[in-house]
Amino acid sequence: MSIYEIIGGILILIGAVFLFLGGLGIYRMPDVYNRLQAGTKATTLGAMSLILGVGVVKMEDSWTWIVKMAIIIIFIAFSNPISSHALARAMYHRKRYPYIKGDAKDMDAYREVAGKDDPSDTSPDEGENI
Amino acid sequence: MKSLTFNEKLARFFINWLFLMIVWIAFTTSFNKQEVIAGVFVTMLISFFSIPLFTCCTFKILAPKRIFYMVYYLLIFIRELIKSNLDVARRVLTPSLPINPGIVKFKSKLPTDYSKMVLANSITLTPGTLSIDIIDDTFYIHWIDVKTTDPEEAYTEIAETFEKILLKIFV
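Residues numbered from 1 in each chain as written. Chains lettered and ligands numbered in written order. Predicted model: local features only at pLDDT ≥ 70, side-chain atom pairs only at ≥ 80, totals over all residues.

**Q** Mind showing me how you'd approach the overall build of chain A here?
**A** Per the secondary structure count, chain A includes four helices and zero strands. Along its sequence from the N terminus, chain A presents helices and strands in the succession α-α-α-α. When each of the 130 residues of chain A is scored for burial, the buried share is 33%. A separation of at least 24 residues holds for 65% of the contacts in chain A among residues at least 6 apart in sequence. (Helix = DSSP H or I, 4+ residues; strand = E, 2+ residues; numbered from the N terminus. Buried ≥ 20, exposed ≤ 12 C-beta atoms within 10 Å, placed from the backbone. Contact = placed C-beta atoms within 7 Å.)

Following this line, the structure appears as structure tokens:
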């Protein structure tokens, strides 16, 4: 076992743990927005750590791996939040309103902008949590 | 879409060229003469055709002060990313699921679309927040544990640390 393999293995393990916690979060959270919260954050750091770990393990053969992995990490850091934003926004416009504890109306500031009733809208029953 | 002046086009062309060239060298990871020459021509062609598409920034972005703040921003961002993952882990592993979700809004002072995009992405990756929409200057944020519904206080809680640095980079 070289030092690269040990450090890389630890990074891959950390990544795997965070990816598992992200999956558990998707299972446990009550609605789509909270699931996205758990999913996005955990998969971003999980995938980053995993890819960095692969780069470190492969550094024994050639240093070029770590540079390529760094580029992939940068692309993940840019694209992951954008996709989660697009999913969340699309879900809101399909009238999947967020889960809110109790009956607090002022907790949903986006409703006044996006939640207007549109007669031409034929999307299914509103307020359903999925 | 407003038409661009010649200077803006030139700035976009050279900045795109520079970034694409960095990506090319990082991917090929060799300073072999043939590969570098091929890269220069390919990236020049791409950045010429993508002048109307990419709206990153002007030449001001290459000032040393701004690059220093970019590195500082990156360090703060990594710290917040790790904090947010530990936060998610704590919430997921607690049996009672301690969440109090809701959507809050706040107004941002950032001038350009690109800087707003960077702020929204950073907010998504920081503890307990997910940006849902940006309409003009107003950000709509899903917050997993709402502490306040007041826009000003929400701004202080969520965005202030990032926006102070972004204003130094992009303004």
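**Q** What is the right way to look at helix H5 (residues 151-158) of chain B in this model?
**A** Note: α-helices contain 3.6 residues per turn, so residues at a spacing of three or four share the same orientation. Residues and elements named next belong to chain B. For H5, every residue scored as buried is listed here: Ala154, Tyr155 and Ile158. All buried residues of H5 project into a common sector of 105° when viewed along the axis, lining one side. Those residues of H5 that are buried lie in contact with strand S1 (102-107), helix H4 (113-124), strand S2 (129-135), strand S3 (138-143) and helix H6 (160-170). (Arc of directions from axis to C-beta.)

**Q** Explain the pairing of S2 of chain B here, please?
**A** For a regular strand, side-chain orientation follows a simple rule: the groups alternate between the two sheet faces. All names here are of chain B. The buried fraction of S2 is high, at five of seven residues. Where S2 lies against S3, six bridges are found, and the strand directions are antiparallel. The residue of S3 that forms the bridge with Ile134 is Phe139. Remark: two residues form the turn of the hairpin made by S2 and S3, two consecutive strands paired antiparallel; Asp136 in that turn has positive phi of roughly 50°. (Pairing = 2+ DSSP bridges.)

**Q** Could you clarify how one ought to interpret the sheet that holds S3 of chain B in this entry?
**A** Strand pairs in the sheet, formed through backbone hydrogen bonds, run parallel or antiparallel to each other. All names here are of chain B. Read across the open sheet, the three strands follow the order S1-S3-S2; overall the sheet is antiparallel. Both edges of this open sheet fall to S1 and S2, since each of them pairs with a single strand only. Neighbour to neighbour, the strand axes of the sheet diverge by 25° on average, direction disregarded. Contacts from H4 reach S2 and S3 within the one sheet, and its direction differs from that of S2 by about 155°. (Axes fitted to C-alpha atoms, helices over the stretch in contact; angles between N-to-C directions.)

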